[in-house]
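# Residue-level structure breakdown
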Amino acid sequence: MKLLRAQTAGFCMGVDLALKKLASLIDTPQEAGAKARDILTFGPIIHNPQVLEEYAAKGVRVVNDPADIAPGATVVIRAHGIPEPVRQAIKTRGATIVDATCPKVKKAQTLIASQARHGKVLLLFGEEDHPEVKGLLSYATAGAHVFGSMDELERLELPHGPSYFLAAQTTQDEQEFLRIRDHLRARPGAELTVLSTICNATMNRQQEAMDMAALVDFMVVVGGRESGNTRRLAQVARTAGTDCVHVETADELTSDMVAGKRTIGLTAGASTPKTIIDRVQKVLESF
């Protein structure tokens, strides 16, 4: 059996930066006699349960409501970002805010806010319940519609009066986004501004997964099940017609999964630690 490992598998720049900011807070020595630092993250800092367990063991707590933040706490904003009203609510609690929002997400927030100031209505391609999407919507002050697929878009009632602009969750499928763009531009009398908000790391991972799927007869995608970009890597492989399994850790692998397979592709989401990917590779090579 031959195994191919994607070069793009593992942490992206935004995840790496967020975790470095959190780690620096934990590792910074405190003055003698100082009260123990209360370090919180607002929401899970990234979508990987194993990483979250590691930080929980170091005393980092996750909060989801500003009311649960005590004065003087240090609050790290998750890599996915948060809604602007929530940020303001955290400030009123007297907390120190450390912003670990991914720069690509921050850029998307800024671009959306700029279009909204001109009275344009946002059409957002993304997962409605995803924390990044909730944050992006808070900047669409002139109104917004969210849809997760072409089918959902076609069911929306979009009056011809407002001016619209299109954006995407930063980890969405670029090919589907382009199809949606062309569909909207074909509407009679359509005036559409299109923002480029899908990050390069996402596009590169998806392209490599697509290319790899054409070379193998089975794909293994590693990462948290709450991770949207990881789920989409598995979707890309399956869309290419290749059998695929999405696992969080090597413990989920069985020899039956790869029985009779000659070539296996291995990739991972942007929030998957290298140690977990290495372990999956080692187990696959042992079968």
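Parameters at a glance
Residues numbered from 1 in each chain as written. Predicted model: local features only at pLDDT ≥ 70, side-chain atom pairs only at ≥ 80, totals over all residues. Heavy atoms only, no water. Phe/Tyr/Trp six-rings, centres within 6.5 Å; stacked < 30°, edge-to-face > 60°. Helix = DSSP H or I, 4+ residues; strand = E, 2+ residues; numbered from the N terminus. Buried < 20%, exposed > 50% of the residue type's maximum accessible area, 1.4 Å probe, protein only. Expected span 1.5 Å × (residues − 1). Arc of directions from axis to C-beta. Polar contact = N/O pair within 3.5 Å; in protein donor to acceptor, adjacent residues only side chain to side chain. Pairing = 2+ DSSP bridges. Axes fitted to C-alpha atoms, helices over the stretch in contact; angles between N-to-C directions. Contact = heavy atoms within 4.5 Å. Core = buried A, V, L, I, M, F, W, Y, C linked by side-chain atoms within 4.5 Å. Disulfide = S-S within 2.5 Å.

Another aspect to go through is the packing of aromatic side chains. For the structure shown, the criterion picks out one aromatic pair. Ring centres of Phe125 and Phe147 lie 5.8 Å apart, and the angle between their planes is 20°; on these two criteria the pair is classed as stacked. In this pair, Phe125 is assigned in strand S6 (residues 121-125) and Phe147 in strand S7 (residues 144-147), connecting sequence segments 22 residues apart. Residue Phe125 shares its accessibility class with Phe147, and that shared class is buried.

The end-to-end C-alpha separation of helix H7 (residues 174-185) is 16 Å, in line with the 16 Å expected for twelve residues at 1.5 Å each. Listed in full, the buried residues belonging to H7 are Glu176, Phe177, Ile180 and Leu184. Taken end-on, H7 shows its buried residues confined to a sector of 100°, consistent with a single buried face. Its side-chain oxygen 2.9 Å from the backbone nitrogen of Gln175, Asp173 forms the N-cap of H7.

Strands pair in a sheet through their backbones, by hydrogen bonds, and they do so in one of two ways: parallel or antiparallel. Ordered by their spatial adjacency, four strands build an open sheet running S7-S6-S8-S9, and the pairing between neighbours is parallel. The sheet terminates laterally at S7 and strand S9 (192-194), the two strands that pair on one side only. The sheet shows a mean angle of 20° between the axes of neighbouring strands, taken without regard to direction. By the bridge criterion, three bridges tie strand S8 (residues 164-168) to S9 in an arrangement that is parallel. Looking at S9, one finds that Phe165 is bridged to Thr193. Taken strand by strand, helix H4 (residues 103-116) contacts S6, S8 and S9, and its axis lies near 170° from that of S8.

This part covers the nonpolar core. If you look at the biggest cluster of nonpolar residues, it comprises 29 residues, and the most contacted ones within it are Met219, Val220, Val222, Leu253, Leu266, Val280 and Leu284. Every element with two or more residues in this core is listed here: helix H8 (200-213), strand S10 (218-222), helix H9 (228-239), strand S11 (244-247), strand S12 (263-268) and helix H10 (274-286). In contact with Val220, other than residues within four places in its own chain, are Val245, Val247, Leu253, Ile264, Gly265, Leu266, Thr267, Val280 and Leu284. By size, the runner-up hydrophobic cluster in this structure holds 17 residues, among which are Val15, Ile45, Val51 and Val98.

This next bit is on the state of the cysteines. As enumerated under the stated definition, the model contains zero disulfides in all. Cys102 takes part in no disulfide bond, and the closest cysteine sulfur, belonging to Cys12, lies 5.8 Å away. With no disulfide of its own, Cys244 lies closest to Cys12 among cysteine sulfurs, the gap being 19 Å. Residue classification places Cys244 among the buried residues on the basis of a relative accessible area of 14%.

Purely geometric numbers; function is a separate question.
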